[in-house]
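Breakdown of the fold
Take a look at the letters that make up each chain.
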Amino acid sequence: MTYYTSVRYGKMRMVARFKTDREDLHVRDRCVVRTDRGKELGEVLTPLQPIPEAVPAESLWDVIRRANTEDLVNVERLDKENVPRAIKACKEIVQKLNLQMKVTDVDYVYGGERLIFYFTSESRVDFRELVRQLAHEFRTRIELKQVGARDEARLIGDAGHCGLTLCCRGHLKELGGITMDMAKIQKHTADPSKITGRCGKLLCCLRYEYSTYTDSRDVMPQRGTRLESKKGVGIVVDQNLLLREVTLQPPDGGDRFIVKLDEVLGAPAAVAGCNGCDTPKAGTPPAPAAAAADGAPVAEQAPAPPVDASAPVPAAAPAPAAPRPAPPPRQERPKPPPRPQEPRKSEAPPSGAEAQRKIEQDTRTGTRAVAEPVPMWIYLAKKADIELGKALVADLGGPKVAVFNVDGVYHVLSNECGHQGGPLGEGKLEGFSVICPWHQWKFDVTTGNCLSVGGSSVRRYEVAAAGLDLYVKV
């Protein structure tokens, strides 16, 4: 039986799916695989699973065998001997040709089919002569790939501020956007040396820890709230979102003390829009006035009993105060006459079945009003317009998509490459992979995942056929 598994390989720690007939492969096993670059050493990441019927087995690369001791020794020898020699030779040729580029690392493919040099540069570099001289020196196929600051850290980085392996080199595959708001909510200093990583950009860990802090902020009592806890009564003067603790200041000016959220007796729900701001969050009702006045936590409130307007309201006894001269009488503006209220129409209470039907109808209407936009199917193209093994670029009234015909099965991806927006629809289709014509990044048309750089991907659209027409879901 043929299985498939995910394998990490190469200096850029790329991840792809491979097929194998061996049943003795386990997670973390080293193995020898065959990719489009040649024979390489990889690491098994997922358990073996049967290949789905929708994925042809010939579209997956092969796991040749489990890595033996000889394979591991050869790879170690390449890293210690051949890679330093290749870096030194490349730097010498770069200096001789006076090229404005910095050689970062070398990926010496295990099978010897090719040699990949990674470099950084602030501008475009004409390295054709460099490639010719390197090919003459090493007698193999040479590739040069320009990388950015984050990919450079992934190649040569070791440990971060925390002392652990860099996130981009370890578990983090998607390098999304990171903003200063993610650092401010964690109370980080504005010192760049404290919040930037090896690449000189904001720390990646700020992004995937951000949701933890925002979730804690939404349930924590805000500053200035008067709370009653097991340790006493106080006003919130500080918060610890990670530990879910608040610092309380006693009203009489005593020593501050820290209490956990579960020690607060009926902590009020947080409604502030930021950490300590009084502006309510969008879509959240403001806190009750009673809770803001005396700080008493509000739980479930019973409906207020009807108030008789004719009954006299008892006035609170005024506190004694020193006599002061009476201010001059203020001229008040006359109040407009009250608007006459229309009498309510008395409605007979509906029967049990009618009431239940009305409740269900109101529930459906209310749910529909706040639900997300309903996806819709848009006409894409004719089947006959897309040749077998070819692609077609279609405009959806804004975003452009690329439609691929692979063995009679149609796949739709965003037409823009995740690297620099290259047109994927004009790329070369090899099996279930498409190669961007600009910088040769390879993408899996069945999933949209990038097979050249781990963590990058493009959007994949759901496609359906109705007769001879194709429709895409947006």
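Keep in mind it's a predicted model, so treat the numbers as computed, not measured.

Reading guide: rules and limits
Residues numbered from 1 in each chain as written. Predicted model: local features only at pLDDT ≥ 70, side-chain atom pairs only at ≥ 80, totals over all residues. Heavy atoms only, no water. Helix = DSSP H or I, 4+ residues; strand = E, 2+ residues; numbered from the N terminus. Buried < 20%, exposed > 50% of the residue type's maximum accessible area, 1.4 Å probe, protein only. Contact = heavy atoms within 4.5 Å. Areas by Shrake-Rupley, 256 points an atom, 1.4 Å probe, with all protein chains shown as cover. Phe/Tyr/Trp six-rings, centres within 6.5 Å; stacked < 30°, edge-to-face > 60°. Expected span 1.5 Å × (residues − 1). Bend = angle between axes of the 7 residues up to and from the residue. Polar contact = N/O pair within 3.5 Å; in protein donor to acceptor, adjacent residues only side chain to side chain. Pairing = 2+ DSSP bridges. Right-handed = clockwise from strand over helix to strand, strands pointing away. Axes fitted to C-alpha atoms, helices over the stretch in contact; angles between N-to-C directions. Parallel < 35°, antiparallel > 145°, perpendicular 65-115°, else oblique. Left-handed = near helix turned anticlockwise from the far one by under 90°. Nonpolar A, V, L, I, M, F, W, Y, C, P; charged D, E, K, R; others polar. Salt bridge = Lys/Arg side-chain N within 4 Å of Asp/Glu carboxyl O. Arc of directions from axis to C-beta.

Things to note about the overall build of the protein chain
- For the protein chain, the helix and strand inventory stands at eight helices and 22 strands.
- When the 474 residues of the protein chain are sorted by exposure, 36% land in the buried category.
- Across the protein chain, every contact between residues at least 6 apart in sequence was considered, and the portion connecting residues at least 24 apart equals 53%.
- Here the protein chain displays about 30,200 Å² of accessible surface, and carbon together with sulfur accounts for 52% of that area.

A closer look at the packing of aromatic side chains
- Inspection of every chain in the model, using the stated rule, returns six aromatic pairs.
- Ring geometry for Y9 versus F18: centroids 5.9 Å apart, planes at 90°, classification edge-to-face. We note that Y9, like F18, is buried.
- Relative to Y471, the ring of Y379 has its centre 5.8 Å away and its plane inclined at 75°; by these criteria the two rings are edge-to-face. Of this pair, Y379 sits in strand 14 (residues 377-382) while Y471 sits in strand 22 (residues 469-473), and the two are 92 residues apart along the sequence.
- A relative accessible area of 40% places Y379 in the partly exposed class.

Overview of helix 1 (residues 69-97)
- With 29 residues, helix 1 extends 41 Å between its outermost C-alpha atoms, agreeing within 8% with the 42 Å of an ideal straight helix rising 1.5 Å per residue.
- Roughly 35° is the biggest bend found in helix 1, and it falls at L78.
- Within helix 1, the full set of buried residues consists of D71, V75, L78, N82, V83, A86, I87, A89, C90, I93 and V94.
- Contact partners of the buried residues in helix 1: strand 3 (30-35), strand 4 (38-44), strand 6 (61-66), strand 7 (102-108), strand 8 (114-120) and helix 2 (128-138).
- For helix 1, the N-terminal cap is N68; the gap from its side-chain oxygen to the backbone nitrogen of E70 is 3.2 Å.
- Within two residues after helix 1, N98 carries a phi angle of roughly 60°, on the positive side.

Examining the pairing of strand 9 (residues 141-146)
- Strand direction decides the pairing type here: strand 8 and strand 9, joined by six bridges, are parallel. Across the sheet, residue L115 finds its bridge partner in strand 9, namely I142.
- Following the backbone out of strand 8, through helix 2 and into the adjacent parallel strand 9, one traces a crossover that is right-handed.

With respect to the packing of helix 1 against helix 2
- Where helix 1 contacts helix 2, the two axes come as close as 10 Å, and the packing angle between them is 140°. When the axes of helix 1 and helix 2 are compared, the pair comes out oblique. Once helix 1 is placed against helix 2, the crossing between them reads as right-handed. When helix 1 is examined against helix 2, the residues R85, A86, A89, C90, I93, V94, K96 and L97 are found in contact with a partner set consisting of E129, L130, Q133, L134, E137 and F138.
- Taken together, the residues of the contact of helix 1 with helix 2 break down into nine nonpolar, one polar and four charged.

Here's the deal with the pattern of salt bridges
- Applying the stated rule across the entire model yields 22 salt bridges.
- Salt-bridge contacts for D107 lead to R37; the nearest nitrogen and oxygen are separated by 3.0 Å. With D107 in strand 7 and R37 in the loop between strand 3 and strand 4, this pair connects stretches of sequence that are 70 residues apart.
- Across the pair R141 and E143 runs a salt bridge whose closest N-O atoms are separated by 4.0 Å.

A word on the side chain of T20
- When you line up the elements, T20 lands in strand 2 (residues 14-20).
- Since its relative accessible area comes to 3%, T20 is described here as buried.
- Only 3.1 Å separates the side chain of T20 from the backbone nitrogen of R22, close enough to count as a polar contact.
- With residues up to four places along the chain from it excluded, the contact list for T20 reads M1, T2, Y3, L25, L48 and V63.

Things to note about the sheet that holds strand 20 (residues 442-444)
- A sheet is described by the order of its strands in space; here three strands give the open sequence 18-19-20, paired in antiparallel fashion. Each of the sheet's edge strands pairs with one partner strand only, and the pair in question is strand 18 (428-430) and strand 20. On average, each strand axis in the sheet is inclined to that of its neighbour by 25°, with strand direction left out of account.

Some words on the sheet that holds strand 14
- Reading across from one edge, 14-22-21-17-16-15 is the order of the six strands in this open sheet, with antiparallel pairing throughout. Only two strands of the sheet have a single partner each, and these edge strands are strand 14 and strand 15 (391-395). When strand polarity is set aside, the average angle formed by the axes of neighbouring strands in this sheet is 30°.
- When strand 21 (residues 460-466) meets strand 22, the two strands line up antiparallel, connected through five bridges. Each residue of the ladder has a partner; that of A464, found in strand 22, is Y471.

Describing helix 2
- Turning to helix 2, its buried residues number three or more, namely L130, Q133, L134 and F138. End-on, the buried residues of helix 2 take up no more than an arc of 115°, which puts them together on one face. Structural note: helix 2 exposes R128, R132 and H136 on the side pointing more than 90 degrees away from its buried face.
- Taken together, the buried residues of helix 2 touch helix 1, strand 8 and strand 9.

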